[in-house]
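Residue-level structure breakdown
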Amino acid sequence: MSKVEDTFLITLIAGIPATILEMIIHWTLFLTKITSQNPSLFHARLLTNRINVSTSEVILGIIGNLVAGGAFALLIILFLKYTGVDYALLKGTLIGLINAMIQFYILTRLFTPDPTPIIPSSITIWAVYIVYSGWGTLVAYIATRYCRIKVADS
């Protein structure tokens, strides 16, 4: 059986399972009260600009988390296409860290008038950095193991 070469399909094959696993880990940490927020709630709060969100808004946050995971998975695939697949896991980890940084450095500032309520505890921030690093590593692993990434000519 030949490996998938289409960039969009590689993104789906690598990004969706990794994002679902990321969401399961974050929801587990949140429901066990280890963390004070998770990316799905974060997306719902940004969408509504409110701290207290309804169940339907949390579902929209989950969809937003899946879409964002797919978008960043695409960035990983494109990064691998243009820089090569050597050190793919390290490159995926780097994009995962950048994903986490964008959430706290840029997206939290969209919460108006004061972004302070949406910025979680330090343990939650650590969890996001660690889980998103693992997410990026997993996306790169799935993409390089089960798909064929054609590296762009230099």
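Thresholds applied
Residues numbered from 1 in each chain as written. Predicted model: local features only at pLDDT ≥ 70, side-chain atom pairs only at ≥ 80, totals over all residues. Heavy atoms only, no water. Helix = DSSP H or I, 4+ residues; strand = E, 2+ residues; numbered from the N terminus. Rg over C-alpha atoms; globule rule 2.2 N^0.38 Å. Buried < 20%, exposed > 50% of the residue type's maximum accessible area, 1.4 Å probe, protein only. Axes fitted to C-alpha atoms, helices over the stretch in contact; angles between N-to-C directions. Parallel < 35°, antiparallel > 145°, perpendicular 65-115°, else oblique. Left-handed = near helix turned anticlockwise from the far one by under 90°. Contact = heavy atoms within 4.5 Å. 1 Å grid on protein atoms, 1.4 Å probe; cavity = no way out; pocket = protein on both sides within 12 Å on 5 of 7 lines; lining within 4 Å. Points joined across faces, edges and corners; volume = space filled by probe spheres on them. Phe/Tyr/Trp six-rings, centres within 6.5 Å; stacked < 30°, edge-to-face > 60°.

Within the protein chain, the regular secondary structure consists of five helices and zero strands. Beginning at the N terminus, the succession of helices and strands in the protein chain can be written as α-α-α-α-α. Against the globule reference of 15 Å for 154 residues, the protein chain gives a C-alpha radius of gyration of 16 Å, in line with a compact fold. Across its three principal axes, the protein chain shows a C-alpha extent of roughly 50 × 25 × 25 Å. Sorting the 154 residues of the protein chain into buried and exposed places 42% on the buried side.

At their nearest, the axes of helix H1 (residues 7–31) and helix H3 (residues 55–83) sit 8 Å apart, and the two run at 130° to each other. The orientation of H1 relative to H3 falls into the category oblique. H1 and H3 meet at a crossing whose hand is right-handed. From H1, Thr7, Ile10, Thr11, Gly15, Thr19, Ile20, Glu22, Met23 and Trp27 reach across to H3, where they touch Val58, Ile62, Asn65, Leu66, Gly69, Gly70, Ala73, Leu74, Ile77, Leu78 and Lys81.

Tallied over the full model, the rule gives two cavities of 30 Å³ or more. Looking at the largest cavity, its volume works out to about 40 Å³. In terms of lining residues, the largest cavity is bounded by Thr19, Glu22, Asn65, Ala68, Gly69, Phe72, Asn99, Gln103, Tyr132 and Trp135. Here the lining of the largest cavity takes four residues from H3, the largest share from any one element.

Quick look at the packing of aromatic side chains now. Applying the stated criterion across every chain, the model contains five aromatic pairs. For the ring pair tryptophan 27 and phenylalanine 30, a centre distance of 5.7 Å and an interplane angle of 85° mean the geometry is edge-to-face. Placement of the pair is tryptophan 27 and phenylalanine 30 together in helix H1, with a separation of three residues, close to one helical turn. Tryptophan 27 sits in the partly exposed class, given a relative accessible area of 21%. Consider the rings of phenylalanine 104 and tyrosine 129, whose centres lie 6.4 Å apart with planes at 20°: the pair is stacked. Separated by 25 residues along the polypeptide, phenylalanine 104 in helix H4 (residues 88–105) and tyrosine 129 in helix H5 (residues 122–146) bring together distant segments of the chain.

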